[in-house]
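Now for the letters of each chain:
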Amino acid sequence: MHWADAFIQKIEGPQVISTGISPSGPIHVGNMREILTGDIVFRAARSKGLPVKFIFLSDDIDPLRKVYPFLDESFREHVGKPLYEIPSPKGEGTYADHFMAPFRDSLEKLHIQVEILRSSQLYESGKFYEVIKTAIAEKDRIARILREVSGRELEENWFPYSPKCSSCGKINQATATSFTDPYVSYNCKCGHSGKSDIRKGEGKLPWRVEWPAKWHLLGVTIESFGKDHGSAGGAYDSGKRIVEEVFGTPAPSYLIYERILLKGEGAMHSSTGIVIESSEALRFMPPESLRFLIARNSPLRHIEFDPKDFYLNFMDDYEKYFNAYFKKDTVSDPDLDAVVRYSSLEKPVGPIEPSYRHLVTLVQIYPDEKKLLHGLSLGGYAAKNIAGEMGDRIALVKYWLDNYAPESIKFSLLPRGTEVKLETAEQDILKEFLSQAESLNWTAQSIHDSVRSISLKDGGEPMTAFRAFYRVLIGKDRGPRLGFFLSEMDKKWVIDRLGECLS
Ligand SMILES: [Zn+2]
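Owing to the predicted nature of the structure, the values given are computational and were not obtained by experimental measurement. (Residues numbered from 1 in each chain as written. Predicted model: local features only at pLDDT ≥ 70, side-chain atom pairs only at ≥ 80, totals over all residues. Heavy atoms only, no water.)

A count of helices and strands for the protein gives 21 helices and 13 strands. For a compact globule of 503 residues, the expected C-alpha radius of gyration is about 23 Å, and the protein comes in at 29 Å, more than 25% above that figure. Counting only contacts in the protein whose residues sit at least 6 apart along the sequence, the fraction spanning at least 24 positions is 69%. Total accessible area on the protein stands at roughly 23,200 Å², and carbon and sulfur atoms take up 48% of it. (Helix = DSSP H or I, 4+ residues; strand = E, 2+ residues; numbered from the N terminus. Rg over C-alpha atoms; globule rule 2.2 N^0.38 Å. Contact = heavy atoms within 4.5 Å. Areas by Shrake-Rupley, 256 points an atom, 1.4 Å probe, with all protein chains shown as cover.)

Shown next as structure tokens:
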């Protein structure tokens with residue numbers, strides 16, 4: 001059974017699925033596991049017929065922790081201020097908006113229908129008022145839970161509310177001194193003393209208290225989160241006790257997900273800059289394939305994502321699933337149907353033809369779009385026009401070629417007239433091929449078979465034969481699968497080009 005169906009099988013009644021991210025930096029493919037895991041469980045709950053709501057909380061009241069590598073020094077003065085009160089690193093708007101905007105676009109492209117809430121608004125509108133009061137009243141009990149669960153001592157003057165200093169604007173510098181409803185008095189490290197109104201977003205709960213407060217406030221019943229929060233003594237353990245013992249509501253069920261690693265670089269983390277932003281990934285990945293990355297793998301499996309050398313293998317795999325769903329291929333995975341449904345934007349669309357790998361070859365043979373249409377028709381694909389869905393797929397492929405493709409994949413056809421030096425054995429192979437070419441059925445399979453049998457005839461290696469073609473056509477020793485490659489090109493053009501190199 002698919003992991004999302006297996007999870008939801010044990011769940012009954014109305015559900016609120018929650019996810020959240022602090023928009024402190026680029027929202028990347030690693031973060032997408034959080035939201036997509038939630039989305040897939042949301043769909044599973046819906047298909048089971050459970051009344052279900054899906055929310056995403058942007059933790060935009062969180063302070064900026066440091067000057068990240070992607071920020072310039074002018075941000076030093078903003079460290080400690082809430083993200084929604086810091087100017088955008090670029091252009092109009094706030095810091096939080098800057099990183100949320102491309103993420104919202106990604107949600108749309110991925111067809112993730114989630115209600116986006118902002119923590120700053122929950123605080124400013126007074127929604128947190130009652131829970132903050134409860135937290136302050138139960139300060140000692142919360143402190144004891146945190147100590148017991150985490151095994152760590154809290155600061156001596158620990159208080160379950162961090163006031164925002166009205167002078168320096170920072171939300172992690174002031175120490176609370178007393179509470180007289182609705183004001184928390186504080187002394188700030190900047191020298192300012194003042195009062196923070198807990199109804200108006202003039203401060204926040206510490207993260208370990210805010211999380212269970214949010215569950216309580218929003219009625220969260222299911223949440224997915226990374227394993228750092230789920231470890232023993234971690235934030236989920238303390239949150240569970242706080243929400244049950246202090247706020248009096250049950251803790252949500254949960255799914256823990258493993259990280260997504262960027263091949264050769266390690267875990268994606270916006271603070272280190274080792275990331276591919278979700279919006280960037282969607283410039284070369286069809287949205288269904290990004291959904292597939294998450295839908296296919298159990299959350300407990302870590303994913304190594306490789307946008308470069310092995311990316312085409314990933315795309316082959318993704319297309320194989322969709323094509324198998326439409327009976328054009330086979331995949332031995334009992335969850336095939338569920339994986340494809342959860343990877344689809346709405347209903348599954350397929351089969352996927354031509355393949356991404358194939359388009360990678362085609363767009364390099366035909367950099368000109370009109371000729372590309374011709375090339376598509378040679379391959380038997382009815383590419384109605386480049387403007388529509390095919391155009392979107394071509395744009396993804398071109399972006400990948402320009403930005404991520406390894407050199408071994410890239411080529412351009414040598415112009416007619418380019419001289420190429422060939423060994424005698426190579427010349428013989430090409431001559432033999434030319435003698436058969438006219439009568440040859442110009443399909444990938446028959447071209448491949450013909451070249452292979454020519455090369456084997458004198459005890460030669462197929463690689464030598466293939467190399468001869470690549471040298472003449474693209475000036476390299478390796479290239480795309482030869483049968484497909486030649487069949488995508490105009491037969492006469494290929495024959496003329498081979499002929500001119502032999503003369
Ligand atoms: Zn201050």
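We now examine helix H9 (residues 235–245). Among all positions of H9, only Ala-235, Tyr-236, Ser-238, Gly-239, Ile-242 and Val-243 are buried. An end-on view of H9 places all buried positions within 160 degrees of arc, on one side of the element. For H9, the secondary structure elements touched by its buried residues are helix H6 (139–150), helix H7 (207–218), strand E9 (222–226), helix H8 (227–230) and strand E10 (253–257). (Buried < 20%, exposed > 50% of the residue type's maximum accessible area, 1.4 Å probe, protein only. Arc of directions from axis to C-beta.)

Bound to the zinc ion are the protein donor atoms Cys-165 (SG), Cys-168 (SG), Cys-188 (SG) and Cys-190 (SG), situated 2.2 to 2.3 Å from the metal. Between the four donor atoms coordinating the zinc ion, the angles at the centre fall across 104 to 119 degrees, so the site counts as tetrahedral. All donors of the zinc ion belong to a single chain; written as a sequence motif, their spacing is C-x2-C-x19-C-x1-C. (Donors = N, O, S within 2.8 Å, 3.2 Å for Na, K, Ca; no water. Tetrahedral: all angles 85-135°; square planar, octahedral: opposite > 155°, others 65-115°.)

This part takes up the nonpolar core. One finds Tyr-356, Trp-400, Phe-433, Phe-485 and Leu-486 to be the most contacted residues of the largest nonpolar core, which totals 102 residues. Ranked by residues supplied to this core, first place goes to helix H2 (residues 29–48) with nine residues. Apart from the residues within four sequence positions on either side, Phe-485 is in contact with Thr-361, Ile-365, Phe-411, Leu-413, Tyr-470, Leu-473, Ile-474 and Pro-480. By size, the runner-up hydrophobic cluster in this structure holds 41 residues, among which are Tyr-129, Ile-145, Ala-213 and Ala-251. (Core = buried A, V, L, I, M, F, W, Y, C linked by side-chain atoms within 4.5 Å.)

Okay, the side chain of Asp-59 next. Its location among the elements puts Asp-59 in the loop between strand E2 (52–58) and helix H3 (95–109). Here Asp-59 is buried and forms no salt bridge, its nearest opposite-charge partner Lys-214 lying at an N-O distance of 5.6 Å. Discounting chain neighbours no more than four positions away, the residues touching Asp-59 are Ile-21, Ser-22, Pro-23, Leu-83, Ser-119 and Glu-210. (Lys, Arg positive; Asp, Glu negative; His and termini not counted. Salt bridge = Lys/Arg side-chain N within 4 Å of Asp/Glu carboxyl O.)

Strand order across the open sheet formed by three strands is E5-E6-E7, with antiparallel pairing between neighbours. Sheet topology places strand E5 (174–180) and strand E7 (193–197) at the edges, where each strand pairs with a single neighbour. Across the sheet, the mean angle from the axis of one strand to that of its neighbour is 30 degrees, orientation sign disregarded. Sheet topology note: the E5/strand E6 (residues 183–188) ladder contains six bridges and is antiparallel. Counterpart to Ala-176 in the pairing with E6 is Tyr-186. (Pairing = 2+ DSSP bridges. Axes fitted to C-alpha atoms, helices over the stretch in contact; angles between N-to-C directions.)

Turning next to unusual backbone geometry. Cis geometry is found at the peptide bond from Asp-181 to Pro-182, where omega equals 0 degrees. Inspection of the secondary structure puts Pro-182 in the loop between E5 and E6. Residue Glu-353 is joined to Pro-354 through a cis peptide bond whose omega torsion reads -10 degrees. Tracing the sequence through the fold places Pro-354 in the loop between helix H13 (336–343) and helix H14 (356–365). For His-111, which is not glycine, the phi torsion reads 55 degrees and is therefore positive. Relative to the assigned elements, His-111 resides in the loop between H3 and strand E3 (115–118). One non-glycine residue, Lys-327, lies in the positive phi region at around 60 degrees. Position of Lys-327 relative to the elements: it lies in the loop between helix H12 (311–325) and H13.

What follows deals with the packing of H7 against H9. One can describe the packing of H7 onto H9 by two numbers: an axis separation of 9 Å at closest approach and a directional angle of 55 degrees. By the criterion of interaxial angle, the relationship of H7 to H9 is oblique. Crossing handedness for the pair H7 and H9: right-handed. For the pair H7 and H9, the contacting residues are Trp-207, Arg-208, Trp-211, Pro-212, Trp-215 and His-216 in the first and Ala-235, Tyr-236, Ser-238, Gly-239, Lys-240, Ile-242 and Val-243 in the second. Residues belonging to the contact of H7 with H9 are distributed by class as follows: eight nonpolar, three polar and two charged. (Parallel < 35°, antiparallel > 145°, perpendicular 65-115°, else oblique. Left-handed = near helix turned anticlockwise from the far one by under 90°. Nonpolar A, V, L, I, M, F, W, Y, C, P; charged D, E, K, R; others polar.)

Attention shifts here to the domain arrangement of the protein. Here the protein is partitioned into domain 1 (3–128 + 208–261), domain 2 (263–343), domain 3 (356–409) and domain 4 (424–502). Measuring from the centre of the C-alpha atoms in domain 3 to the corresponding centre in domain 4 gives 23 Å. Taken together, the contact between domain 3 and domain 4 spans 12 residues of the former and nine residues of the latter. Roughly 770 Å² of surface becomes buried between domain 3 and domain 4 when both sides are summed, with 55% attributable to carbon and sulfur atoms. At the junction of domain 3 and domain 4, the tally comes to zero salt bridges. Put simply, domain 3 and domain 4 have three residue pairs in polar contact (both at pLDDT 80 or more) between them. At the level of secondary structure, the elements contributing two or more residues to the side of domain 3 that touches domain 4 comprise H14 and helix H15 (369–378). The biggest single contributor to the side of domain 3 that touches domain 4 is H14, with five residues. (Domains from an automatic or database assignment. Buried area = accessible area lost by both parts, 1.4 Å probe. Polar contact = N/O pair within 3.5 Å; in protein donor to acceptor, adjacent residues only side chain to side chain.)

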